[in-house]
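Below are the chains, spelled out letter by letter.
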Amino acid sequence: MTTRKYAALLRGINVGGNKKVPMAELRKVLHDLGHEDAQTYLQSGNAVFSSATEKTPEALARELEAAIEAHFGFRVPCLVVDGAYLRAVADACPFPAAELEGKQLHATFCSEQPDGSRFASIDAAAHLPEEYRVGDRVIYLYAPDGLGRSKLGEALAKPAVVKGLDVTTRNWNTVAKLVELTAV
């Protein structure tokens, strides 16, 4: 069994005092699940760990969700991805990441591949200079004024686009750091 590095991306924790998940406790939950080298990045639900399991990333995510709910008493949607996937997401970025500030470029990770029909209601030209592209279970968003002011970001977060998917967004600085932390 080979050990692989994974990133767990938790959605909606430690925002406005809701769903508080202290990072030290999250590391302990990961350790208690049998994962090694657990570390966290920022307070917004990014954890990296090593595991020699044969479980799929999806199975690891469901296991982590159950453990978080048992430990903290509330459900937190989780996506687990391996380092190779994160590297592929970074390499496939359709925007010039090296030339942009991290707050201008975002990756919305999706639990499943979103099909094109989800984006039918979005008039891309009406949102310029903001742009988006769909990759492998990821939506890349270029928002020159940042996500907080992004009208296209709002449109991409509407139920017509994300219904039935677990999604969570990270700015490019975080994506780059997670790629670094999960490199083998």
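Up top is the structure these notes are about.
This write-up is about the structure you can find in this document.

Calculation notes
- Residues numbered from 1 in each chain as written.
- Predicted model: local features only at pLDDT ≥ 70, side-chain atom pairs only at ≥ 80, totals over all residues.
- Heavy atoms only, no water.
- Helix = DSSP H or I, 4+ residues; strand = E, 2+ residues; numbered from the N terminus.
- Rg over C-alpha atoms; globule rule 2.2 N^0.38 Å.
- Buried < 20%, exposed > 50% of the residue type's maximum accessible area, 1.4 Å probe, protein only.
- Contact = heavy atoms within 4.5 Å.
- Areas by Shrake-Rupley, 256 points an atom, 1.4 Å probe, with all protein chains shown as cover.
- Lys, Arg positive; Asp, Glu negative; His and termini not counted.
- Charge placed at Lys NZ, Arg CZ, Asp CG, Glu CD.
- Salt bridge = Lys/Arg side-chain N within 4 Å of Asp/Glu carboxyl O.
- 1 Å grid on protein atoms, 1.4 Å probe; cavity = no way out; pocket = protein on both sides within 12 Å on 5 of 7 lines; lining within 4 Å.
- Points joined across faces, edges and corners; volume = space filled by probe spheres on them.
- Nonpolar A, V, L, I, M, F, W, Y, C, P; charged D, E, K, R; others polar.
- Pairing = 2+ DSSP bridges.
- Axes fitted to C-alpha atoms, helices over the stretch in contact; angles between N-to-C directions.

### Some details on the overall build of the protein
Thinking step 1. Scanning the protein from N- to C-terminus turns up six helices and eight strands.
Thinking step 2. Ordered by position from the N terminus, the helices and strands of the protein form the series β-α-β-β-α-β-α-β-β-β-α-α-β-α.
Thinking step 3. Relative to the compact-globule value of 16 Å for 184 residues, the protein shows a C-alpha radius of gyration of 16 Å, a close match.
Thinking step 4. Counting across all 184 residues of the protein, residues that qualify as buried make up 45%.
Thinking step 5. When contacts within the protein are restricted to residue pairs at least 6 apart in sequence, long-range pairs at least 24 apart make up 69% of them.
Thinking step 6. Working note: accessible area of the protein is about 9400 Å², and carbon and sulfur atoms make up 51% of it.
Thinking step 7. With 21 positive and 23 negative side-chain charges, the protein shows a separation of 5 Å between the mean positions of the two kinds.

### With respect to the pattern of salt bridges
Thinking step 1. For the coordinates displayed, the defined rule picks out eleven salt bridges.
Thinking step 2. We note a salt bridge from Arg4 to Asp82, for which the minimum N-O separation is 2.1 Å. With Arg4 in strand E1 (residues 4–10) and Asp82 in strand E4 (residues 78–82), this pair connects stretches of sequence that are 78 residues apart.
Thinking step 3. Look at Arg4 and you get partly exposed, because its relative accessible area is 36%.
Thinking step 4. Relative accessible area serves as the criterion here: at 11%, Asp82 is assigned to the buried category.
Thinking step 5. A salt bridge links Glu65 to Arg75; the nearest nitrogen and oxygen atoms lie 3.6 Å apart. Of the two residues, Glu65 is situated in helix H2 (residues 57–72) and Arg75 in the loop between H2 and E4; the sequence distance between them amounts to ten residues.

### Remarks on the layout of surface pockets
Thinking step 1. Approximately 470 Å³ is the volume found for the largest pocket.
Thinking step 2. In terms of lining, the largest pocket is formed by 24 residues, of which the most central are Thr108, Leu147, Val167, Thr168 and Thr169.
Thinking step 3. Of all elements in the fold, only strand E7 (138–142), helix H4 (151–156) and strand E8 (167–171) reach the threshold of two or more residues within the lining of the largest pocket.
Thinking step 4. Among the elements that line the lining of the largest pocket, the one with the most residues is E8, at five residues.
Thinking step 5. Here the lining of the largest pocket is composed, by residue class, of eleven nonpolar, ten polar and three charged.

### A word on the sheet that holds strand E2 (residues 36–41)
Thinking step 1. On the basis of which strands lie adjacent, the open sheet formed by four strands has the order E2-E3-E1-E4 and antiparallel pairing. Only two strands of the sheet have a single neighbouring strand rather than two, namely E2 and E4. Pairwise comparison of adjacent strand axes, ignoring direction, gives a mean angle of 20° for this sheet.
Thinking step 2. In terms of strand pairing, E2 meets strand E3 (residues 46–51) through four bridges, oriented antiparallel. Counterpart to Gln39 in the pairing with E3 is Val48.
Thinking step 3. On top of the sheet, H2 reaches E1 and E4; it is set at about 140° to E4, its chief contact.

Read these as layout, nothing more, since geometry by itself doesn't imply function.
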